[in-house]
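The chain contents come next:
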Amino acid sequence: MPSVLRILFRWCLRGYLFYLFLSLFVALPALNIMVPRLTHDALNRELQSEILLFNPFSLTLEARGVSIVEPSGHTPLGFESLEVNLSLESLWEPGIVLDKFSVEQLDIHVLRHAAGEFHFADLIDGSEETESEEPTEAPGITIHDLLIEAHTIRFTDETKPGPYTTVQRDFRVRTQNLTTVPERQSDGDLVLTGDGGGEIRWNGEMAVAAGNSRGRVILEGIDLTPAWRYEADTLPFVVNSARLSAAFNYSVDWDGDLKATLSDSEIRLKRTDLRPADADSIPNTSVMLEEVAVTGIAMDLAKQLVDVNAVTIDGLKISGYDEGGDPSLLAMFGIKPEQADVSSPKTAAETADSNETADGAPWTISLSTFDLQNSEVAWRTSYLAPEVMRLSPLSVAVQEVAWPATMESPYQLSLAINDNTMIKVAGLLNIESGSGSAKAEVAHWPLPWLNPLVNEQARAHIGRGDFSLQSTVSLNAFAPDKIEAALQIKDYSTVLDETGEEAFTFDMLSLDGIAADVPGQSLVIDSFTLQRPSGSLHIREDGVINVNGIVRGGPQDDEGLNEEVEVDSDAEDAAWRVQLSKLSLREGRLDFADASLPLPFKTLIDSVEADIKDIDTASEKPLNMEFKGSVDGYAPVVILGSGKPFADRRDAELRFTFRGMDIATMSPYSGTYAGYTLDSGTLSLDLRYALDGQTLDGDNRIVISQMELGEPVESELAIDAPLKLGIALLTDSKGIIDLSVPISGNVDSPDFSLGPIIGRAITNIIVKAVTAPFSLLAGLVGSDDDLENIAFTPGSSALETEAQRSLEALGTALLERPQLNLRIAGGTDPIADSAALKEKLLREELGAQGINAAMIDGQSEAFINELTSRYEALSLTNRSEDDDSEDIPVEPATMWQTLIDQRTLPKVALQDLATERAAIAKRELVTIGGVDPARIAISFDAELAASGVQMIVDS
């Protein structure tokens, strides 16, 4: 037996020595000679190494200083050392068992040539073989200790500018009991340090044959700029910095249907800085982010469930602009406006369909909280006035978000604009159906910010104004459904661009109790209040009103004359109903000035108070209005009215009342249109208008008291009528002019204008008065007599009864018009009065001879004898010496008329008769009528060819 053991020992020793001999003197040289040669033959690459060793005692293969060199000189692979230790467990365990597999100082360099091919393309092309019909199963292998430590993993792409190169450093894989043998699992860790810093770490278990793994993957501070650099030439933006960190606790099973879960995982993106690649074309644009954190991630692939505890965005800073074009952020990311069009959002059903998986089942996604904090936006826009709108601080908070949505999620938004305006929005929203509510508050929005929009429509701008709003909105399908609101505008002014003057201001405008029903197209407002409004209406020297042409696109703008505006017929049919319970105006003021007149005019209407109640665009109920104020601080103005502005048939009544306005302030207008200034007087108006359909009827009562004209004014626009005479005719004994001026017109007529109609009516009254003054005077005393012409019997200055009645009426009328003077022009009829005076002289001569009037009228014998004697004497005088004709009997009447005709009157006889008649008429007016004789003058200039006197009025 001992001999057998010795023999066995000797054979084992001999075999071991032979094993050592083969290992040291055959296998070791063969490794260093044959491996490089086989590598060259198989790969067309040169394998260079310091040495290849095999330790026969530990069954370990080592390679040191190994590198593979391609024909081009590129070294795609190299390492400092490789150690593979075969375990004796391979003798009894299934598969191959390695105690250790380690690679240290590994360098990998993947190269893509400028032509677009990778450096290993020839290996791929040359390795195409016919696949076996039955794939062979991979042998089981177990590695107790796996260690791969890479010094660099480099990727170079010569098709990119630079060329592009990225390097991952200090890559480390360490795992225990890695196996592909079924029913065995491995555990270990992996560490990778990336280009620019950061690490990727894995720690867990993996059963390759069983098709499952679980563990934890950590990404810490991974620099994302290398990934950007790879595509930099195709991207319109620059990633100056971006760091990615993440932690995933996973479990995956790929044996059969793929199953995967995540629990308590998170993703963080830090210190992100994005800017345009072409900063000159897209200036002042950037996106910077301190951190985005998605935490508490849980995912179940089989259940199609994602649950996120929180999404937190901290320190988001956005800069950009939209001046003169598209938003710069879109240009920075290469997005065209049509790609960013959100005008037609998806419906909830469409959105749900887009989230369905291949088998038709939708994913369930939930988010507990979303929080945006410590953020700001700096935006330059052409639509608002400040150069930059700075939204800071900006914060958004949303809670309990789920898809499909089963409830309304609470949200909050808060931001400040330019450290001045505060905007807060809070409410609930179902992100699937779009139902919810919002409570919004805007505080201290400066209205001058809107001037770029205002300037597009008007030649004016907002000088100042502070806007505030409180509202509550209910939403339906993401659109407003019901709105309740109140708003205020404080310290407002509108400034004209051309002159810089404030055309309109107010202290406060408030709308309270606003309630809007959008589907029902109804708007209800409890009150509209305007405090201390002030307007300026100025007419310049050229006659242009300061606010004329304030609206762009009006008659002044030629470019707008031929433009046609399309009217949406549906919009016309869908008229909103507006109800306003009370409209109030308090302490209003209107500054009016007219510099177009020879004498500039200026007045002030202030202390204006107005109230209108129960306005309803759908009601035909009469609307009542009350307006009160004063002119220049003392003359009260009252406007009362009622009407049906929203009825199919327009009906309205309006009454304007002015009391005691000083007309001396109106001298510029009286000088321009009447030719005189006004020294003193007061004006009161009572204007009443009634609108019946298209017809406007007005009764204007104008009362002027104690008016005194001033100096005459040269004006081409002055009325062509003797104004002083007209005033005298219209002014009564109390110094009052009381006019009733009725007007009427069709308001739909293009020529209708109330002011000119009233002006023409007043002018007609004055012209009628001065052209027919005695008709006016007769009307004052109710007389139908002709008070202008008083008739006398031919040859006589005695007043008859009718003449006395006319003079009495005229006297009474003159007492009613104390400013009116009278001139009396006496007149005679050259024929009738001459004949009457001659007859009177003949009667006086006969009377001297004892023949009285009774004898003349009775044709007494004595009269006939005297008449015959005188006639014959006259006939003998006129008969010639050669006339021997016989006398023919002549009638007494013929002789009487012949004697009258042959008489000669004194030259002043007719003038004396005219003067005597005028004197008689004046005496009658003074003694009987009681008229001041200083107001009546006898006129010797008039040539009146009538038996009477003519009255001429004068002021």
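Predicted model only: the values in this text are computed from it and were never measured.

Trainee: Please set out the overall build of the protein chain residue by residue, giving values where relevant.
Mentor: Regarding its fold elements, the protein chain presents 17 helices and 37 strands. The long-range fraction of contacts in the protein chain, counting pairs at least 24 apart against all pairs at least 6 apart in sequence, stands at 60%. Split by element, the accessible area of the protein chain, about 53,300 Å² in all, is 55% carbon and sulfur.

Trainee: Talk me through the nonpolar core; I want residue IDs and the actual numbers.
Mentor: Core analysis: the biggest nonpolar cluster contains 60 residues, and Ile417, Trp445 and Phe467 have the highest contact counts within it. It is strand 17 (residues 389-403) that provides the largest number of residues to this core, a total of 5 residues. Ignoring sequence-local partners within four residues, the contact set of phenylalanine 467 consists of Val442, Ala443, His444, Trp445, Leu447, Leu487, Gln488 and Ile489. Core analysis: the second largest hydrophobic core is formed by 58 residues, Leu683, Ile704, Leu729 and Val770 among them.

Trainee: Quick one: what's the story with the pairing of strand 12 (residues 259-276), residue by residue and with numbers?
Mentor: Two elements, strand 11 (residues 237-253) and strand 12, share 14 bridges in a ladder whose sense is antiparallel. Across the sheet, the residue bridging to alanine 246 is isoleucine 267, located in strand 12. Hairpin connection of strand 11 to strand 12: 5 residues between the antiparallel strands, including glycine 256 at a positive phi of 95 degrees. In this structure, strand 12 lies alongside strand 13 (residues 286-300), joined through 10 bridges in antiparallel fashion. Of the residues in strand 13, the one forming a bridge with threonine 272 is leucine 289.

Trainee: I'd like to hear about unusual backbone geometry, residue by residue, with values.
Mentor: Omega for the peptide link from serine 392 to proline 393 comes to -5 degrees, which places this bond in the cis form. Examined against the element boundaries, proline 393 turns out to sit in strand 17. Here the bond from tryptophan 403 into proline 404 is cis, since omega is -5 degrees, no more than 30 degrees from zero. When you line up the elements, proline 404 lands in the loop between strand 17 and strand 18 (409-417). Of note, the phi angle at glutamine 304 is positive, near 50 degrees, even though the residue is not glycine.

Trainee: Provide a residue-level description of helix 16 (residues 892-901), including the pertinent values.
Mentor: Taken together, the buried positions of helix 16 are Met895, Trp896, Leu899 and Ile900. Down the axis of helix 16, the buried side of the element spans an arc of 135 degrees, and every buried residue falls inside it.

Trainee: Got a sec to walk through the pattern of salt bridges? Specific residues and values, please.
Mentor: The final tally for this structure, using the stated rule, is 32 salt bridges. Measuring nitrogen to oxygen at the nearest pair gives 3.1 Å for the salt bridge that ties arginine 275 to aspartate 273. Judged by its relative accessible area of 13%, aspartate 273 is buried. When the shortest N-O distance is used, the salt bridge between aspartate 481 and lysine 482 registers 3.4 Å.

Trainee: Could you give an account of the packing of aromatic side chains, naming the residues involved and the relevant values?
Mentor: What the rule picks out here adds up to 9 aromatic pairs. Note on phenylalanine 237 and phenylalanine 333: the rings are 5.3 Å apart at their centroids and 55 degrees apart in plane angle, and the pair reads as tilted. With a gap of 96 residues between them, phenylalanine 237 in strand 11 and phenylalanine 333 in the loop between helix 4 (328-332) and helix 5 (348-354) connect regions that are remote in the sequence. Assessed through its relative accessible area of 31%, phenylalanine 333 is described here as partly exposed. Taken together, the ring pairs in this structure connect Phe118, Phe120, Phe155 and Tyr164 into an aromatic cluster.

Trainee: Please give an account of the side chain of threonine 39 that cites residues and values.
Mentor: Structurally, threonine 39 is set in helix 1 (residues 2-43). Residue contacts for threonine 39: discarding those within four places in its chain leaves Asn44, Arg45 and Leu47.

Trainee: Explain the confidence of the model for the protein chain to me, using residue names and the numbers behind them.
Mentor: On average, the protein chain scores 82 in pLDDT, and the residues at 70 or more come to 87%. In this model, residues 558-565 is a region of pLDDT below 50 whose contacts with residues beyond four sequence positions or in other chains number 1 contact.

Trainee: Account for the environment of valine 631, with residues named and values stated.
Mentor: Tracing the backbone through its elements, the reader meets valine 631 in strand 28 (residues 623-631). With sequence-adjacent residues up to four places away left out, valine 631 is seen in contact with Thr603, Leu604, Ile605, Val637, Phe658 and Met661.

Trainee: Can you lay out the environment of threonine 261 for me, pointing to particular residues and giving the numbers?
Mentor: Structurally, threonine 261 can be placed in strand 12. Residues threonine 261 and lysine 303, spaced 42 residues apart in sequence, show a C-alpha to C-alpha distance of 9.5 Å.

Trainee: Break down the side chain of serine 806 for me, with residues and values.
Mentor: Inspection of the secondary structure assignment puts serine 806 in helix 12 (residues 801-816). We classify serine 806 as buried; its relative accessible area is 6%. Non-local contacts of serine 806, meaning those with residues more than four positions away in its chain, are made with Asp785, Asp786, Leu787 and Ile790.

Trainee: Describe the packing of helix 13 (residues 832-848) against helix 16, and please don't skip the residues or the numbers.
Mentor: Running from N to C, helix 13 and helix 16 cross one another at 105 degrees; their axes reach a closest spacing of 9 Å. When the axes of helix 13 and helix 16 are compared, the pair comes out roughly perpendicular. Contacts from Ala835, Lys838, Glu839, Leu842, Arg843 and Leu846 in helix 13 reach Trp896, Leu899, Ile900 and Asp901 in helix 16. Looking at the contact of helix 13 with helix 16 residue by residue, the class counts come to 6 nonpolar, no polar and 4 charged.

The rules behind each value
Residues numbered from 1 in each chain as written. Predicted model: local features only at pLDDT ≥ 70, side-chain atom pairs only at ≥ 80, totals over all residues. Heavy atoms only, no water. Helix = DSSP H or I, 4+ residues; strand = E, 2+ residues; numbered from the N terminus. Contact = heavy atoms within 4.5 Å. Areas by Shrake-Rupley, 256 points an atom, 1.4 Å probe, with all protein chains shown as cover. Core = buried A, V, L, I, M, F, W, Y, C linked by side-chain atoms within 4.5 Å. Buried < 20%, exposed > 50% of the residue type's maximum accessible area, 1.4 Å probe, protein only. Pairing = 2+ DSSP bridges. Arc of directions from axis to C-beta. Salt bridge = Lys/Arg side-chain N within 4 Å of Asp/Glu carboxyl O. Phe/Tyr/Trp six-rings, centres within 6.5 Å; stacked < 30°, edge-to-face > 60°. pLDDT = per-residue confidence, 0-100. Axes fitted to C-alpha atoms, helices over the stretch in contact; angles between N-to-C directions. Parallel < 35°, antiparallel > 145°, perpendicular 65-115°, else oblique. Nonpolar A, V, L, I, M, F, W, Y, C, P; charged D, E, K, R; others polar.

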